[in-house]
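# Commentary on secondary and tertiary structure
Single-letter residue listing:
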Amino acid sequence: MLFAFICKDKPDHLQLRLDVRPDHVAFLNGLNADGTLKFAGPFLDDDGKPCGSLVVIEAADKAAAADLAARDPYAKAGLFDTVEIRPWNWVFNNPASA
């Protein structure tokens, strides 16, 4: 099942995001290599600066998705103000259904 992580950064934490980004990217690259990551990217504020994340992964259940979200270096570093984990159905433009 697919799960979307909708993450909102804490205010004034851009530098923390930038500092931890290499570890976060390495983490996502690992998920991508094993087929867990479906897509990901940052939300942007009105100035075009990252202010959150959208990550969609495949996991057996919500508990497994939550465990994976907690292992993200951004989460470990305390970047996020909130993380919402929601089951998601990829209907349109899903490459797996092509």
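Everything in this summary refers to the structure shown in the same document. Every value quoted in this text rests on a predicted model; they were computed, and no experiment measured them.

In this structure, the largest pocket spans a volume of roughly 250 Å³. Residue lining of the largest pocket: 16 residues in total, with Arg-17, Arg-21, His-24, Gly-41 and Pro-42 positioned closest to the centre. At the level of secondary structure, the elements contributing two or more residues to the lining of the largest pocket comprise α1 (14-33), β2 (37-44) and β3 (50-58). Considering every element that reaches the lining of the largest pocket, the biggest residue donor is α1, with six residues. Looking at the lining of the largest pocket, its residues break down into eleven nonpolar, three polar and two charged. Where the lining of the second largest pocket is concerned, the elements lending two or more residues are β1 (2-9) and β3. Residue classes in the lining of the second largest pocket are distributed as four nonpolar, one polar and seven charged.

A few words now on the nonpolar core. Ranked by size, the top nonpolar core spans 18 residues in total, and within it Phe-3, Phe-5, Leu-31, Ile-57 and Ala-65 carry the most contacts. Among the elements that take part in this core, α1 stands out by supplying four residues, more than any other. In this structure Leu-31 touches Thr-36, Leu-37, Ile-57 and Leu-68, once residues within four positions along its chain are discounted.

Before going further, it helps to examine the pattern of salt bridges. Considering all chains together, one arrives at four salt bridges under this definition. Arg-71 is the salt-bridge partner of Asp-67, the closest N and O atoms lying 3.4 Å from each other. With Asp-67 and Arg-71 both in helix α2 (residues 62-71), this residue pair falls four residues apart, about one helical turn. Classification of Arg-71 as partly exposed rests on a relative accessible area of 40%.

Procedures and definitions
- Residues numbered from 1 in each chain as written.
- Predicted model: local features only at pLDDT ≥ 70, side-chain atom pairs only at ≥ 80, totals over all residues.
- Heavy atoms only, no water.
- 1 Å grid on protein atoms, 1.4 Å probe; cavity = no way out; pocket = protein on both sides within 12 Å on 5 of 7 lines; lining within 4 Å.
- Points joined across faces, edges and corners; volume = space filled by probe spheres on them.
- Helix = DSSP H or I, 4+ residues; strand = E, 2+ residues; numbered from the N terminus.
- Nonpolar A, V, L, I, M, F, W, Y, C, P; charged D, E, K, R; others polar.
- Core = buried A, V, L, I, M, F, W, Y, C linked by side-chain atoms within 4.5 Å.
- Buried < 20%, exposed > 50% of the residue type's maximum accessible area, 1.4 Å probe, protein only.
- Contact = heavy atoms within 4.5 Å.
- Salt bridge = Lys/Arg side-chain N within 4 Å of Asp/Glu carboxyl O.

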